[in-house]
Amino acid sequence: MKAQNSAPNIVALGGMNMALIGTAERLPNPGETLRGERFYTAPGGKGATQAVAAARLGANVKMVGRVGKDMFGPRLLDALKNDGIDVTGVAEDPDHPSGVGMIVLNAERQNHVLAIYGANLQCNEDQLAAVEEALNGADVLLLQMELPFPLSVDAARAAQSRGVTTMLDPAPASDIPPEAFRHVDIITPNQTEAEYHTGIRVDDVPSAQKAAELLLEKGVGTAIVKLAEQGVYWASRNASGYVPAYEVEVVDTISAGDAFSGALAVALGEGRSMEEAVRYGAAAGALAVTKRGVQTAMPTRAEVDGLFNRDVP
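Residues numbered from 1 in each chain as written. Predicted model: local features only at pLDDT ≥ 70, side-chain atom pairs only at ≥ 80, totals over all residues. Heavy atoms only, no water.

*Asks:* Please explain the pattern of salt bridges as it appears in this structure.
*Replies:* Pairing between side chains of opposite charge can happen when the charged atoms of each approach one another. A full pass over the atoms with the stated rule returns 14 salt bridges. Here aspartate 169 ties to lysine 226 by a salt bridge, and the two come within 3.9 Å at their closest N and O atoms. Note that aspartate 169 is positioned in the loop between strand E9 (165–168) and strand E10 (186–187) and lysine 226 in strand E11 (residues 222–226), a separation of 57 residues in sequence. By relative accessible area, which is 2% here, aspartate 169 ends up buried. The partner of glutamate 276 in a salt bridge is arginine 272, and the shortest N-O contact between them spans 3.2 Å. Residue classification places arginine 272 among the buried residues on the basis of a relative accessible area of 9%. In this structure, a network of salt bridges that share partners links the residues Glu270, Arg272, Glu276, Arg301 and Asp305. (Salt bridge = Lys/Arg side-chain N within 4 Å of Asp/Glu carboxyl O. Helix = DSSP H or I, 4+ residues; strand = E, 2+ residues; numbered from the N terminus. Buried < 20%, exposed > 50% of the residue type's maximum accessible area, 1.4 Å probe, protein only.)

Below, the structure is given as structure tokens:
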């Protein structure tokens, strides 16, 4: 185990998308044209955004994935490089466009997302080879559901064989083969994803506990259920806990979960306990909703440490 606060080494295998973001009072009804308020673009993708979150907290991060040979590809790579992330494992696809995420924020700043993954879905054995090389000396492998999932399972097996912690953010919600759960050390669903994978409607801490227990029965090592403004519930084989949400002013909620995952990975890579790591992740997620954007909303080390070291909310 690393000494606490030493820089962890993190590998992110995941999506890289350009976010096209609009704000409006509400979503339009079918056939309706609604006047919006604001539009902007921002580099995103769950894998890339989690990589940025971890890098801003001091981790050494390697990104593996694919972008298109189009106007968005260089911007996506430059955004990662600006945060000191190693992008030598990212391939350029000449035949498929970069992924995009079309996002609308309503008056409550809840996000509605349509993702078109493009080059991300062309990830193949070349990316697996890049992951296997990057795993040497790594502490945590970050996975999501934005790539062909069999590739992610192969990467998880490779990580486990090397003693690297595998963390899966099961978003967007899609099927996971039953045998794949045992290759996941930590799974971090939100309420919707927890219900998708367990059949349990998750709307409070007791229901989150039931969902987490069922995920453990499926074979994962630790289940962490994100409850938005209600906080986070987590459970492993021998321990469990609940972290209430930090009270902050919400600007938008686009990337709270990615900030949580990046910070959780960093905290575990530094040798913190699961309970402490979950609280650290919750602090990062809370700070992310106070800012506009995707990767730009990822907080700094000083910001997260400051909130984390306050009295427990």
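Next comes the rest of the write-up.
*Asks:* Explain the packing of helix H1 (residues 46–56) against helix H7 (residues 256–269) to me, please; I cannot follow it from the model alone.
*Replies:* To characterise two packed helices, one gives the angle between the axes of the helices and the distance between these axes. The contact between H1 and H7 brings their axes to 8 Å, and the two run at 50 degrees. Between H1 and H7, the crossing angle belongs to the class labelled oblique. The two elements H1 and H7 cross, and the hand of that crossing is right-handed. Together, Lys46, Thr49, Gln50, Ala53 and Ala54 of H1 and Asp258, Ala259, Ser261, Gly262 and Val266 of H7 make up the contact between the two elements. In the contact of H1 with H7, the residues fall into 4 nonpolar, 4 polar and 2 charged. (Axes fitted to C-alpha atoms, helices over the stretch in contact; angles between N-to-C directions. Parallel < 35°, antiparallel > 145°, perpendicular 65-115°, else oblique. Left-handed = near helix turned anticlockwise from the far one by under 90°. Contact = heavy atoms within 4.5 Å. Nonpolar A, V, L, I, M, F, W, Y, C, P; charged D, E, K, R; others polar.)

*Asks:* What should I look at first to understand the environment of alanine 24 in this one?
*Replies:* Inspection of the secondary structure puts alanine 24 in the loop between strand E2 (17–23) and strand E3 (38–44). The exposure class assigned to alanine 24 is buried, which follows from its relative accessible area of 7%. A sequence separation of 13 residues divides alanine 24 from glutamate 37, and the C-alpha atoms of the two residues are 5.3 Å apart. In this structure, alanine 24 is in contact with Leu34, Gly36, Glu37, Leu105, Asn106, Ala107 and Arg109, ignoring residues within four places of it in sequence.

*Asks:* How should the pairing of E11 be read in this particular structure?
*Replies:* Regular strands place side chains that alternate from one sheet face to the opposite one. With respect to burial, E11 is a largely interior element, 5 of its 5 residues being buried. Across the two faces of E11 the burial is the same, with Thr222, Ile224 and Lys226 and Ala223 and Val225 all buried. Of the pairings in the sheet, the one linking E10 to E11 comprises 2 bridges and is parallel in character. If you follow isoleucine 187 over to E11, its bridge partner there is alanine 223. Note: E11 against strand E12 (residues 232–236), 5 bridges, orientation antiparallel. In the strand pairing of E12, valine 225 is matched with tyrosine 233. Linking E11 back to E12 in an antiparallel pair, the connection comprises 5 residues, with alanine 228 at a positive phi of about 55 degrees. (Pairing = 2+ DSSP bridges.)

*Asks:* Can you help me understand the sheet that holds strand E1 (residues 9–13) in this one?
*Replies:* For sheets, the rule is that strands pair by backbone hydrogen bonds, running either parallel or antiparallel. Taken in spatial order, the 9 strands line up as E5-E4-E1-E8-E9-E10-E11-E12-E13 in an open sheet, and their pairing is mixed. Only two strands of the sheet have a single partner each, and these edge strands are strand E5 (86–93) and strand E13 (240–243). Packed onto the sheet, helix H3 (residues 125–134) meets E1, strand E4 (60–68), E5 and strand E8 (140–143) and runs at close to 175 degrees relative to E4.

*Asks:* Is there a simple way to explain the pairing of E9 in this structure?
*Replies:* Where E8 lies against E9, 4 bridges are found, and the strand directions are parallel. Along E9, the bridge assignment pairs leucine 143 with leucine 168. You can see the chain leave E8, run along helix H4 (residues 149–161) and come back into E9, and the turn it takes is right-handed. (Right-handed = clockwise from strand over helix to strand, strands pointing away.)

*Asks:* Got a minute to help me understand the nonpolar core in this structure?
*Replies:* A general tendency of soluble globular proteins is for nonpolar side chains to be buried together. Core analysis: the biggest nonpolar cluster contains 55 residues, and Ile10, Met16, Met63, Ile85, Ile224, Leu264 and Val278 have the highest contact counts within it. Residue contacts for methionine 16: discarding those within four places in its chain leaves Gly44, Gly45, Ala48, Met63, Val67, Leu76, Leu77, Leu80, Val90, Gly99 and Asn120. In terms of nonpolar packing, the next biggest core, distinct from the first, is built from 41 residues, Val11, Val164, Ile176 and Ala211 among them. (Core = buried A, V, L, I, M, F, W, Y, C linked by side-chain atoms within 4.5 Å.)

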